[in-house]
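Overview (structure and organization)
The primary structure of each chain is shown beneath.
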Amino acid sequence: MNIAQSTFAVTAPVLLSAQGLSCVKQDRVLFEQLSLQLKPGELLQIKGKNGAGKSSLLRILAGLARPDEGELAYLTQPLSTQLADYAANLCFIGHQSGIHEQLTALENMQFWRAAAELRAVDDYALLAALGLAGLEDIPCKMLSAGQQRRVSLARLWATNAQIWILDEPFTALDQSAISSLQQHFIQHLTQGGAIILTTHQPLTLDYHALHALEIQYRW
Ligand SMILES: Nc1ncnc2c1ncn2[C@@H]1O[C@H](COP(=O)(O)OP(=O)(O)OP(=O)(O)O)[C@@H](O)[C@H]1O
């Protein structure tokens, strides 16, 4: 078996840690006393049934929502004091693909770049590599669900962010797009990146530093 290797996780500092998190929605405790940590080279899959609280946890980990209890740290410092640095090193792609449907794929790339999220790359070449040749100048609302997801994920080929938090990134993708995205994950991880994701599909990554955390559905 050709297992991709990374030497980062052993010696590297913890990028993101959470301690004693709890989250309550509509009087239901989704999770409590939840702790985790993420180092360079690691992929953490958050598992759980529909409604268990995976997206809620990802939003907390991305700094977009506050936990009801618990602490978060970025590079061992309280996240609340490091939000700007954290945001600059984070690529969060939520359950909704986050694209502007009135804009074209190229315009979405330009929008993200103007927000300083993306480095300068040949957008035409990137979009072509993602199977979107000829569709660069069409408003995204006219693309299929899978094509829109590809536009959204194009960010992952042009971001400098080390930490990727991805909510259901494989949704609507066909098998070849899922394979190439998983290969891209391995490349990111072996270069010192780190990923937290949710997916209801089995991960078929041939990579050693895969971790899973299951949120048990609570009534
Ligand atoms: N903004 C909100 N206001 C009120 N309740 C919410 C809100 N967001 C989520 N919830 C509730 O929290 C629970 C967990 O939702 P969440 O989206 O985190 O689950 P999930 O595990 O990601 O589910 P799925 O696998 O279906 O995407 C659900 O019962 C949902 O109704």
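Residues numbered from 1 in each chain as written. Predicted model: local features only at pLDDT ≥ 70, side-chain atom pairs only at ≥ 80, totals over all residues.

A short note on the pairing of strand S3 (residues 43–47)
Bridging between S3 and strand S8 (residues 194–198) involves four bridges; their strand directions are parallel. Following the sheet pairing, Ile46 is matched in S8 by Thr198. Bridge analysis of S3 against strand S9 (residues 210–214) gives five bridges, and the strand direction is parallel. If you follow Ile46 over to S9, its bridge partner there is Leu213. (Pairing = 2+ DSSP bridges. Helix = DSSP H or I, 4+ residues; strand = E, 2+ residues; numbered from the N terminus.)

Some thoughts on the sheet that holds S3
Taken together, the five strands give an open sheet; going across it, the order is S6-S7-S8-S3-S9, and neighbouring strands pair in parallel fashion. One side of each edge strand has no neighbouring strand; the edge strands of this open sheet are strand S6 (90–93) and S9. Each neighbouring strand pair of the sheet contributes to a mean axis angle of 15 degrees, computed without reference to strand direction. Contacts from helix H7 (residues 175–190) reach S3, strand S7 (163–167) and S8, with the element oriented near 145 degrees to S8. (Axes fitted to C-alpha atoms, helices over the stretch in contact; angles between N-to-C directions. Contact = placed C-beta atoms within 7 Å.)

Here we look at the pairing of strand S1 (residues 16–25)
Of the pairings in the sheet, the one linking S1 to strand S2 (residues 28–38) comprises seven bridges and is antiparallel in character. Following the sheet pairing, Ser17 is matched in S2 by Gln37. Here S1 folds back onto S2, and the loop between the two strands holds two residues, one of which, Gln26, carries a positive phi near 50 degrees. Sheet topology note: the S1/strand S4 (residues 69–74) ladder contains five bridges and is antiparallel. Residue pairing for S4: Leu16 is matched across the bridge by Tyr74.

Brief notes about the domain arrangement of the protein
When its domains are assigned, the protein resolves into domain 1 (1–6 + 14–89 + 162–219) and domain 2 (97–154). For domain 1 versus domain 2, the separation of C-alpha centres amounts to 24 Å. Taken together, the contacts link seven residues of domain 1 with six residues of domain 2. (Domains from an automatic or database assignment.)

What about the nonpolar core?
Counting residues in hydrophobic clusters, the biggest one holds 49 residues, and the most contacted among them are Ile165, Ile195 and Ile196. Apart from the residues within four sequence positions on either side, Ile165 is in contact with Leu58, Leu61, Ala62, Leu90, Phe92 and Ile196. (Core = buried A, V, L, I, M, F, W, Y, C linked by C-beta atoms within 7 Å. Buried ≥ 20, exposed ≤ 12 C-beta atoms within 10 Å, placed from the backbone.)

Overview of the UniProt feature "domain: ABC transporter" (unreviewed entry) in the protein
Using the residue numbers shown here, the UniProt feature "domain: ABC transporter" (unreviewed entry) corresponds to residues 16–215. A helix fraction of 28% and a strand fraction of 26% characterise residues 16–215, whose end C-alpha atoms lie 19 Å from each other. (UniProt positions renumbered as here; feature names shortened; annotations may be inferred.)

Remarks on the site of the ligand
By nearness alone, every residue bordering the ligand is listed as Lys25, Gln26, Leu30, Gly48, Asn50, Gly51, Ala52, Gly53, Lys54, Ser55 and Ser56. Here the shell around the ligand gets three residues from one element, more than from any other, and that element is helix H2 (residues 54–61). Partitioned by chemical class, the residues of the shell around the ligand number two nonpolar, seven polar and two charged. (Near = placed C-beta within 6 Å. Nonpolar A, V, L, I, M, F, W, Y, C, P; charged D, E, K, R; others polar.)

Describing helix H6 (residues 145–153)
Extensive coverage of H6 is indicated by the burial of seven of its nine residues. Those residues of H6 not exposed but buried are Gln147, Gln148, Arg149, Arg150, Val151, Ser152 and Leu153.

Things to note about the environment of Gln183
Topologically, Gln183 is positioned in helix H7. The class of Gln183 is partly exposed, set by 13 C-beta atoms lying within 10 Å. Sequence separation between Gln183 and Thr81 is 102 residues; the distance between their C-alpha atoms is 34 Å.

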